[in-house]
Amino acid sequence: MASAPRRRVRSPAPARKGSHLRVIAGGRARSSTKPASRLSSRPALRFGAAAAIVLAAFVFGLVLLHVLLAQSAFRLQSLQDEVRLQEARFREMRYRVASSEAPARIAEAAEDIGLVVPGEQRYLLAPEEPPGEE
Amino acid sequence: MGKPRLRLASLFVLLALGLAAIAGRLVWVQGFESTRYVEIATQQRERRFTLPPQRGSIYDRDGAELAISMDVQTVFANPHFVPDAAAAANLLAPLLQADPAELLEKLERESGFVYLARKIDSQLAEKVRALGIPGVSLVAESKRFYPAGNLAAHLLGFVGLDNNGLGGIEAHYEERLRGEPGEVLMERDPAGRPIPAGTWRLKPPTAGDHLVLTIDREIQFAAEKALERTVTGFDAVGGSIVVLRPSTGEVLAMANMPTFDPNEFGASTDEARRNRAVTDMYEPGSTSKVVTAAAAIESNVIGPADVLSVPDRLQIGSKVFTDYRPHPVMDLTFADVIAQSSNVGTLKVAQLLGKEKLHEYLGKFGYGRRTGIDFPGEAPGMLPDVDAWWTTSMGTIPIGQGVAVTPLQMTSVLATVANRGVAVTPRIVLATRDARGNRSPAAAPEDHRVIDERTSRRLTEILLGVTEKKNGTGKLARVPGYQIAGKTGSADRVDPGSGGYQGYVTSFIGFAPAGDPQLAVGVVIDNPSVHVGSVTAAPAFKEVMQFALRHLGIGPGPVLPTEGTPLPGPVRSGGESGSSEISALPAGD
C-alpha cells in the first residue's frame, strides 16, 4: 500500500511586528463581535428591502398605469365606434323621415284613405269701402 | 504546458472574432442601416387610412331633403382567418340573401380579402356583427340616397360608386358637395388592433357644403304629375315643364319625361336621364311670335289695336305660308293676330319690321345663347346669323321655325315679359350651408333689360287675349279667378335620328297673375298624338299654375284690360261662310 502523501504542515506565523491584532482576555470577545456585525447590516437590509418594495411598487404602478391607459384607449375606441354607429342611425332615420314626407308617398297614402284633390279655388271680391257703422 | 495556452489563445481569438463580427454587425445595423430598418419597422406598425368626407346634402327651398349621404356597412372577409368556411357561409347566406355555395366559394379563396356584401343597411350589419364569425368584418362606406325617389331626378343628377357626381346638380356642384378627405395615421399591433399609446395623428375630413335649391318640392311634384298625365294621355315621346319666378330667376320646378330613379340610375337609359328642359332644343313655333310682337311694338311698327288685313296664305320667296286653318281675308287687330295665332298676320308684321330688327330682338331675348343657369350641359339654342337667312327665312323665323330654343329659354322669354321687360338669369341654387350650419346665399343673378316696361305691359295685355278672348287659342289654360297671359305653340319637330321634320312639338308658355306676374310656367310636349298646344299643353299649364298659385298663396292681383278690340267677324269675305265657322273651329296654334 502506498503511503498517503504527507502534507506539509505550516507552523503558525509569528506575530508580525506592529500588528494591530491583540489578544483579548476570555472567550467572550469573539462571541460579542457577531451581534455587533448583525446590528450594523440591518439598516442596509432594510434599505435594500425598502428599495425593492418601492421598485416593485413602481414597476407595478407603471404596469397598472399602462393597463389603465390601454383600457381607456379601448374604451375611447369603443365609444368612438358607438358615436359613429349612432350618427349612422341618425342619418338613416333622417332618410326615413324624408322618404315618408315625399309628396308621392303622401299622395298615395291620402288616396288610400279616400282623400281627393280639392276643387277649384273661388275668389269673392270685397266691396271697396267697408259698410258704415251708422 | 504549451497546448492549454494554445487552446486558450485560440478560444480567445475565436471569441474575439465572434464579438467583433457581432459588434460590426451592430454598428452596421444601428449606424449605417438604421434609417432603413426604422422605416421597415414603421411600415410594419403604422397604418395610414384615408377618411372619406361626408358629401353635402341637397335640400329644397323649404329644407326638405332631396339627396342625403349615409354610412352603410360593407361585409368583407379574410378567408385565411375563417376557421370553418362552410359554417360561416351557412350562417351568412340567409342574412345577406346570398347563395351559400357562392359565399362558400368566396370564403375558400386563396386571398386575403373578399367582399361578401356591399353597402347593406345598419340593422342587417348589426346582425352580421352579432354572429361574431372570425375573419368576417364590416367596414363603413358612404352611399348617396334620394329619399323622394324620382322627384326632381333630372335636376339632382346622380353619383357614381365613388360618390362622385356624374350628372345634374351633383356634377355641377361636385367641388362644393364633395368636401375634403382626411387621414389618420396609427400604430397597430400584429392583430390589427390600434396600439393605445402608439402614434396617432389625425387630420379630420372636411364635410362638403349642403345645397339649398330654389326648387319647391310640392310644385315639382305637381309639375311631374301633370307632365306624366299629359305625355301618357297624348302618347307623346316626352316633355318638359319649367316653373320660374320671373323677378328672381328662381326655378321652382323643372320636370321631364321620361324620368328615372337616381337611387338606381344604372337601371335607366341615357334618354331617361336627360334634362330635356335644359339640354334639348326644339323649334318653338308660335310661342316665338311673342318676340316678333315685342320687336314690332317696341319699334313702333304696329300697335296692339292696329288693324291688319289677314288672308289665310302668304307667299314669301318661293314658298307659300298659311294659317292653321283656311279662312277668308279678315281684318284683325294685331292683338287678335297674336290671340288667334295667325301665321300670316304675324308674317305681315314681320315684313314691316324687317329681318335685321327681328334678328336683333331674337338675340336680345336670348336665342342662340345659353341662359347661364347653374346646370351642366345647357344647349345654347340656335339663331342663324342674319346674313345667312334665306328669303324664305322671313316666312319661318317670325313664327318660330328655323330657330331653336330649349324649354328653359322659351320660358325665360315669357318670364322677361312678365318681369316688366327685364331678363333674369335662371338659377337652381338658392344658398349653400357649410357643415357648421352657416348659410351663404348664392350670388344675386345677373339681369338686363330687354324691352321697356311699356312694351312689356302692352304685350302682357295682348297675351291675356290668348286665354281670355273668344277666339283665343289658350282658353284651356285659364285658371279660374286669375288672369293668365300666355301663348300656345305648335311646330314641326326635328327628328333626332333622321334630322328631317317628323311630328310636332306643342307648347303653352305663360305667366300669372297677368296684372302682377309672380310665376311663369312653360309646358313643352314632344310629339303628342294631338298636334296643337292649345289641347295638349294648355291644360297641363293650367294644372301646374293653379297648384303653384294656391300653394304659394298668390292672389289674383290687379285686373288688366285685354289689349285690342275684338272684331265681330270677317270684314271682307273671301267667298267662304267665314266668321262663324272660324269661331267654331278648335283654335290652332
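Note that the structure is predicted; figures quoted are calculated from it, not measured.

A. Broad picture of the overall build of chain A. Within chain A one finds two helices and zero strands. For chain A, buried positions account for 9% of its 134 residues. Split by element, the accessible area of chain A, about 13200 Å² in all, is 62% carbon and sulfur.

B. Structural view of the nonpolar core. Residue and element names in this part refer to chain B. Membership of the largest hydrophobic core comes to 124 residues, with the highest contact counts inside it found for Leu-213, Ile-241, Phe-334, Tyr-367 and Leu-463. Among the elements that make up this core, the one with the highest residue count is helix H19 (residues 533-551) (eight residues). Every residue in contact with Ile-241, bar those within four places of it in the chain, is listed here: Ala-223, Ala-226, Leu-227, Ala-253, Met-254, Ala-255, Val-521, Gly-522, Val-523 and Val-544. Of all hydrophobic cores here, the second largest spans 20 residues; its members include Val-82, Leu-96, Leu-103 and Ala-117.

C. Spatial organisation of a nonpolar patch on the surface. A cluster of nonpolar side chains, Leu-55, Phe-58, Val-59, Leu-62, Val-63 and Val-67 of chain A, forms an exposed patch at the surface whose accessible area comes to about 560 Å². Note that Val-67 of chain A resides in helix H1 (residues 28-101).

D. Layout of the sheet that holds strand S1 (residues 46-51) of chain B. All names here are of chain B. Here three strands make up an open sheet; going across it, the order is S1-S8-S9 and the pairing antiparallel. The sheet is open, and its two edges are formed by S1 and strand S9 (200-203), each paired on a single side. Between one strand and the next, the sheet's axes are offset by a mean angle of 10°, whatever the strand orientation. Pairing between S1 and strand S8 (residues 182-187): six bridges, direction antiparallel.

E. Geometry of the interface of chain B and chain A. Taken together, the contacts link 32 residues of chain B with 25 residues of chain A. Remark: the boundary between chain B and chain A carries two salt bridges. On the surface where chain B and chain A come into contact, there are two residue pairs in polar contact (both at pLDDT 80 or more). Of all the elements in the fold, those that place two or more residues in the side of chain B that touches chain A are strand S3 (65-77), helix H5 (122-131), helix H9 (217-233) and H19 of chain B. If you tally residues by element for the side of chain B that touches chain A, the top one is S3 of chain B, at five residues. Looking at the side of chain B that touches chain A residue by residue, the classes come out as 16 nonpolar, eight polar and eight charged.

F. Highlighting the sheet that holds strand S22 (residues 501-512) of chain B. All names here are of chain B. Spatially, the five strands line up as an open sheet ordered S12-S11-S23-S22-S21, and their pairing is antiparallel. Looking along the sheet, the strands with just one partner apiece sit at the ends: strand S12 (250-257) and strand S21 (485-494). Across the sheet, the axes of successive neighbouring strands diverge by a mean angle of 10°, strand direction being ignored. When S22 meets strand S23 (residues 519-526), the two strands line up antiparallel, connected through eight bridges. Each residue of the ladder has a partner; that of Ser-507, found in S23, is Val-524. Across the face of the sheet, helix H17 (residues 407-418) comes into contact with strand S11 (238-245), S12, S22 and S23 while running at roughly 30° to S11.

G. Highlighting the environment of Glu-108 of chain B. Inspection of the secondary structure assignment puts Glu-108 of chain B in the loop between helix H4 (100-107) and strand S4 (114-120). Spatially, the C-alpha atom of Glu-108 of chain B lies 6.5 Å from that of Ala-85 of chain B, the residues being 23 residues apart in sequence.

H. Local environment of the confidence of the model for chain B. On average, residues of chain B score 90 in pLDDT, and 94% of them reach the 70 mark or higher. For the stretch residues 565-587 of chain B, pLDDT sits under 50, and the model shows 35 contacts to residues farther than four places along the chain or on other chains.

Cut-off values and rules
- Residues numbered from 1 in each chain as written.
- Chains lettered and ligands numbered in written order.
- Predicted model: local features only at pLDDT ≥ 70, side-chain atom pairs only at ≥ 80, totals over all residues.
- Heavy atoms only, no water.
- Helix = DSSP H or I, 4+ residues; strand = E, 2+ residues; numbered from the N terminus.
- Buried < 20%, exposed > 50% of the residue type's maximum accessible area, 1.4 Å probe, protein only.
- Areas by Shrake-Rupley, 256 points an atom, 1.4 Å probe, with all protein chains shown as cover.
- Core = buried A, V, L, I, M, F, W, Y, C linked by side-chain atoms within 4.5 Å.
- Contact = heavy atoms within 4.5 Å.
- Patch = residues over 30% accessible without salt bridge, like charges linked within 9 Å, V, L, I, M, F, W, Y side chains within 5 Å.
- Salt bridge = Lys/Arg side-chain N within 4 Å of Asp/Glu carboxyl O.
- Pairing = 2+ DSSP bridges.
- Axes fitted to C-alpha atoms, helices over the stretch in contact; angles between N-to-C directions.
- Polar contact = N/O pair within 3.5 Å; in protein donor to acceptor, adjacent residues only side chain to side chain.
- Nonpolar A, V, L, I, M, F, W, Y, C, P; charged D, E, K, R; others polar.
- pLDDT = per-residue confidence, 0-100.

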